[in-house]
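The residues making up each chain are set out below.
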Number of protein chains: 2
Amino acid sequence: MKIAIAQLNFHIGNFDGNVEKMLKSIEEAKAQAADIICFSELSTCGYPPRDFLEFDDFIKKAEEAVARLAKAADGIAVVVGSPSKNPVIEGKDLFNSAYFLADQEVLQVQHKALLPTYDIFDEYRYFEPASEFKVVEYKGKRIALTVCEDIWNIGNENPLYTICPMDELMPQQPDFILNLSASPFNYNQADTRIHVVRSNVERYGIPMFYINHAGAQTELIFDGGSLVMSANGNIHDELPYFEECLRVYDLEEVKRGEINREQVKNKMAMIHDAIVLGVKDYFGKLGFEKAILGLSGGIDSAVTAVLAARALGNENVRVVLMPSQFSSDHSVQDAKDLAENLGLQYDVIEIEKVYHSYLKLLEPQFAGMPFNITEENLQARIRGMILMAMSNKFGHIVLNTSNKSEAAVGYGTLYGDMCGGLSVIGDVYKTEVFELARYINKDGEIIPENTIIKPPSAELRPNQKDSDSLPEYDILDKILYQYIEKRQGPQEIIELGFEEALVRRALRLVNINEFKRHQTAPVIRVSSKAFGMGRRMPIVGKYLS
Amino acid sequence: MKIAIAQLNFHIGNFDGNVEKMLKSIEEAKAQAADIICFSELSTCGYPPRDFLEFDDFIKKAEEAVARLAKAADGIAVVVGSPSKNPVIEGKDLFNSAYFLADQEVLQVQHKALLPTYDIFDEYRYFEPASEFKVVEYKGKRIALTVCEDIWNIGNENPLYTICPMDELMPQQPDFILNLSASPFNYNQADTRIHVVRSNVERYGIPMFYINHAGAQTELIFDGGSLVMSANGNIHDELPYFEECLRVYDLEEVKRGEINREQVKNKMAMIHDAIVLGVKDYFGKLGFEKAILGLSGGIDSAVTAVLAARALGNENVRVVLMPSQFSSDHSVQDAKDLAENLGLQYDVIEIEKVYHSYLKLLEPQFAGMPFNITEENLQARIRGMILMAMSNKFGHIVLNTSNKSEAAVGYGTLYGDMCGGLSVIGDVYKTEVFELARYINKDGEIIPENTIIKPPSAELRPNQKDSDSLPEYDILDKILYQYIEKRQGPQEIIELGFEEALVRRALRLVNINEFKRHQTAPVIRVSSKAFGMGRRMPIVGKYLS
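What is the right way to look at the overall build of chain A in this model?
Along the backbone of chain A there are 19 helices and 19 strands. For a compact globule of 545 residues, the expected C-alpha radius of gyration is about 24 Å, and chain A comes in at 26 Å, within 12% of that figure. Viewed in the frame of its principal axes, chain A has a C-alpha envelope of about 85 × 50 × 50 Å. The buried share of chain A, reckoned over its 545 residues, is 58%. Within chain A, residue pairs in contact and separated by at least 24 positions form 72% of the contacts whose partners lie at least 6 positions apart.

Just checking my understanding: could you explain the relation of the copies chain A and chain B for this structure?
When chain A is fitted to chain B, the best match, at an RMSD of 0.0 Å, comes from turning it 180° and sliding it 0.0 Å along the axis. On the angle and the small slide along the axis, the relation comes out as a two-fold axis. When C-alpha positions in chain A are compared against the rotation axis, the closest is assigned to Gln-519 of chain A, at 2.0 Å. Comparing contact sets, 100% of the residues at the interface of chain A also lie at the interface in chain B, consistent with an isologous, same-surface contact.

Please clarify how helix H6 (residues 267-286) of chain B should be interpreted in this entry.
The periodicity of an α-helix, 3.6 residues per turn, causes residues three or four places apart in sequence to face the same way. Residue and element names in this part refer to chain B. Taking 1.5 Å of rise per residue, 20 residues should cover 28 Å, and H6 covers 28 Å from first to last C-alpha, within 8% of that figure. Among the 20 residues in H6, 15 count as buried, and that is most of the element. One or two steps after H6, the chain reaches Gly-287, where phi turns positive at roughly 80°.

Just to check I follow, could you spell out the nonpolar core for this structure?
A general trend in soluble globular proteins is that nonpolar side chains are found buried together. Formed by 356 residues in total, the largest nonpolar core has its most connected members in Ala-305 and Ala-308 of chain A together with Val-79, Ala-305 and Ala-308 of chain B. When neighbours within four sequence positions are excluded, Ala-305 of chain B is seen to be in contact with Leu-293, Leu-295, Val-317, Val-319, Leu-338, Leu-342 and Leu-344 of chain B.

What should I look at first to understand the sheet that holds strand S18 (residues 397-400) of chain B in this one?
Whenever strands of a sheet pair, they do so through backbone hydrogen bonds, lying parallel or antiparallel. Residue and element names in this part refer to chain B. Strand order in the open sheet formed by five strands is S17-S16-S15-S18-S19, and the pairing between neighbours is parallel. Edge positions in the sheet fall to strand S17 (345-348) and strand S19 (422-423), since each of these pairs with one other strand and no more. As defined by bridge partners, S18 adjoins S19 across two bridges and the pair is classed as parallel. For Asn-400, the partnering residue across the bridge sits in S19 and is Ser-423. Of the strands in this sheet, strand S15 (291-294), strand S16 (317-321) and S18 touch helix H7 (residues 299-312), which is tilted by about 170° from S15. Strands S16 and S17 of the sheet are contacted by helix H8 (residues 329-342), whose axis makes an angle of about 165° with S16.

Even after reading the chapter, I still don't get the interface of chain A and chain B, so can you show me in this structure?
A common way to express how large an interface is: the accessible area buried when the components associate. Contacts between the two partners involve 77 residues from chain A and, on the opposite side, 77 residues from chain B. If you list the elements that add at least two residues to the side of chain A that touches chain B, you get helix H2 (56-72), helix H6 (267-286), helix H9 (352-361), helix H10 (363-366), helix H11 (373-394), helix H17 (490-495) and helix H19 (514-518) of chain A. When residues in the side of chain A that touches chain B are grouped by element, the largest group, 12 residues, is from H11 of chain A. For the side of chain A that touches chain B, the class distribution of residues is 37 nonpolar, 22 polar and 18 charged.

Is there a simple way to think about the sheet that holds strand S5 (residues 105-111) of chain B in this case?
All names here are of chain B. Pairing within the open sheet is mixed, and its six strands lie in the order S5-S4-S3-S2-S1-S14. Pairing within the sheet leaves two strands with one partner each, and these edge strands are S5 and strand S14 (245-250). Between one strand and the next, the sheet's axes are offset by a mean angle of 30°, whatever the strand orientation. Where strand S1 (residues 2-7) meets strand S2 (residues 36-38), three bridges bridge the pair, whose relative direction is parallel. Its bridge partner being in S2, Ala-4 is matched across the sheet by Ile-37.

When you look at helix H4 (residues 189-204) of chain B in this model, what are you seeing that I'm missing?
Residue and element names in this part refer to chain B. The first and last C-alpha atoms of H4 sit 22 Å apart over 16 residues, in line with the 22 Å expected at 1.5 Å per residue. Three or more residues of H4 are buried, namely Gln-189, Ala-190, Arg-193, Val-196, Val-197, Asn-200, Val-201 and Tyr-204. For H4, the arc enclosing every buried residue in end-on projection is 130°, short of the 170-degree limit, so these residues lie on one face. In H4, the exposed positions angled more than 90 degrees off the buried face are occupied by Asp-191 and His-195.

The rules behind each value
Counting of residues starts from 1 at the beginning of each chain's written sequence and follows it residue by residue. Each chain takes a letter, starting from A, and each ligand takes a number, starting from 1, following the order in which they are written. Where local features are concerned, this predicted model is filtered to residues with pLDDT of at least 70; where side-chain atom pairs are given and counted, the filter is 80 or more; whole-chain, interface and lining totals use all residues. By definition, any uninterrupted DSSP run of H or I lasting at least four residues is a helix, any uninterrupted run of E lasting at least two residues is a strand, and each is numbered from the N terminus. Only C-alpha atoms enter the radius of gyration; for comparison, a globular chain is expected to reach 2.2 Å times N to the power 0.38, where N is the number of residues. Residue burial is a threshold on neighbouring C-beta atoms within 10 Å of the residue's own C-beta, all placed from the backbone, with 20 or more meaning buried, 12 or fewer meaning exposed, and counts in between meaning partly exposed. What counts as a contact here is a pair of residues whose C-beta atoms, placed from the backbone, lie within 7 Å. Overlaid copies result from least-squares superposition on C-alpha atoms, with residues included only where pLDDT is at least 70 in both. One less than the number of residues in a helix, times 1.5 Å, gives the span that helix is expected to have. Think of a nonpolar core as buried Ala, Val, Leu, Ile, Met, Phe, Trp, Tyr and Cys residues, each tied to the set through C-beta atoms within 7 Å. The pairing criterion is simple: DSSP has to find at least two bridges between the two strands. Each axis is a line fitted through C-alpha atoms, taken for helices only over the stretch in contact, and angles between the N-to-C directions span 0 to 180 degrees. Note on residue categories: nonpolar means Ala, Val, Leu, Ile, Met, Phe, Trp, Tyr, Cys or Pro, charged means Asp, Glu, Lys or Arg, and polar means any other residue, Gly included. To be clear, the arc concerns the directions from the helix axis to the C-beta atoms.

Next comes the structure, spelled out in structure tokens:
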């Protein structure tokens, strides 16, 4: 038996586009004599469709998509993920289903049983869990059909669910497992995924074909890396990351388990590639081509500019240098050097005159009051306004250049440097931004060395440095990581050896700045806990604040 | 037996404050010889605690709060909602529990079985559902202890759950039902709630004490209105809405069912009071006193100013009139009249000079290009910046004045008129804003009549009217209501008699403007479907767009 797996880049709600893409893959698989082709979870409608699932019209369109694919299941079986209606009146209205289409009909439908409802996942909001499990019999083989999380309740110290679908299916003696996934990237996820797939094949003694989605959906990057694993735990094949791919396998060969090839994974390379895909798909799927961003001479905007240029092409990225009286000469030069290294169109727009026109305008109100954060924010907001005006006039999307450390502690100006349609490095801590810059420069200087080595500064008042207001990033980032990614409380973090006052201050800053993060652009997620849909915090509260 | 119910205003994560408040109520109830006092759902930690629940430290503090309350359960039983740990390793780590505290100990704990996971609710994200149901025996009575949603699976045409906790409890012959709730306001919710409570008492033939939370938590307004209902469906008592209250009842009297008094509910009065509480608690719980907003002379900012003044006191609300060359004379006068009617401090700050300084600055880039949306947005953003600068200098929170119709179709400028820390009327359609203005003026003119009767205009170019860009609001709002609140698709809305092109355009505008709503302030929720945490839509998609 020959099995094709296709990791494709779907577009949420674009049923026609998604079906066309799958029809093309079905033709390719047939040309390679495949008996079965399998796509990823909810591939008709794209993942995650979120509250579109609550619209009957949306579900009807998904059903029509399945019907079109069923027609193409002629001489080949097609396995596709799509929402299906729950015929029972009690419970949620939908299932998250895998359709097994053969001989131009729906041969079988298996619903998902384990519905992730944590972090970025909301599946119990929409779906009823499966209560029946039945292998699919096709061409003399018995197939355990599973959807994503269904294989994830194994080998955990703290299992999230009380049942295990594969345990239910095994008495029916399946020959192999098909798993339709939509598993989003974080820089540890590929390893975790391989561990989970291996735990399954080793426990059940049968091979698995694991098909992931490959494409970015706003903040979520589905990274592909689909797996074919033999029962002995060998990786028969691992599809590329961050791109579409279709490959065909001979089941008997996979069963032999003689091949074991795993791709080398480098944290910074994966983060880099994930963000590039994230930017590319955000623009492509929204129908935009051109980005604009402010270039300060600092490392955050430099890294953002490089990633944007790689995602969109240097001809599609315009940068604006907006020095004020507080900007150092070298900042402007560093920014120019970078723009020239990347071949980007750049403008230099001095903000001092507009800044003074605001001060003059507000003189009656501000009379006699000293320079403070107000005037700092004014500068940042003038820059934001210039970028927004340019984007309005020329049809760019403004890219936000905030890093995760700043976003965490609220070291940024709402509607100023926090503006933009997409936060490119908002899930990358400052210390990781430096690593990313080094990775970008690995084959030669793209980001000026001076940008990397100088002390970080917002340059909003004379001789300002980030370290005037914030702890050193190498300590701050470690505390933030414990609080955000590891969900450790103050006592637990202090016990790791950090100074109590520093820990309490950092956690307080994170909590009191929830209101700022609430109003910022979607953040491309590269860690296991990013700001955005996966981290839901009260704005008004009084906890560690 | 005497039963006290207390609907209190809790503060998320403020364990000490919440416990102090409950201890005071326990003393009051004891003074009135109550045998039992019952508080609302998750009253130790406040509702909704959201992802704070994922921190062990937070759960530990909730446990400590329960221990403090247990000590006070001396001569009185105390029923309190709090998270509790799931001792079973499989499944979610927590339960959403009702603690029955008596004789300074935990007499019994009943977990919640029905976990709302829709709209603004995320309970399955955190909690494992109860699988055991046992009445509490106390002073010769058998009490059916339930948490919020547990009583909501009755009388629905489309029940969300496959089990019904009260059906499980009834064989144990309870004498009455206690229900600990945190049920957020929308303008139909009080009626729905009474219907649900009545369905229960009539089905099971026993009375119910229904205790709701009373306080605002960012966007959610918990409106109180706790209920004591006799088995015959008579409303023995209905607590006030939007305020704290403690009352004590004699169980035998409630059983007799001789009293039936229901408060009159007026949609606009309830929306008005809900928003006033929402603003008041947003400021109070964040530790702010003063608000600032722009007053354009239009109806949205007028209504917002009135609501803010009623929430915070007129001495705490400052308004800024920011006319440009496109502002009409009457707008400035209307705004001044309102400020004077309300006794608000106001500033007039003309934006024309700053506007021209931007145009001059951007001349090299914009040379030869016509006036368009860019220049309109510039004006709106200058106003936003002035408000933000004032708020930075004087310690205000900026109030956002966008209405739901604008927010829906993206008729607003990001970082301009869409700025602010809290959206006051962002869940009120434009046509309802007019109703609210009439309600405000019911006893005399507060909002100038001219503000109410003139055609809505953004005044960002000469002689502009909203109706140049948008359908008339009386049609638009009806389409939006069908799409947003009723989740009807285009075909269903067209079949209601609306013009196809108009429907498709309106729905498209809603969907393509998700990116704007993503970056706006929390919206005080007054309808059954508000923008914000209860409506989760993809930003990048291609559905009806």
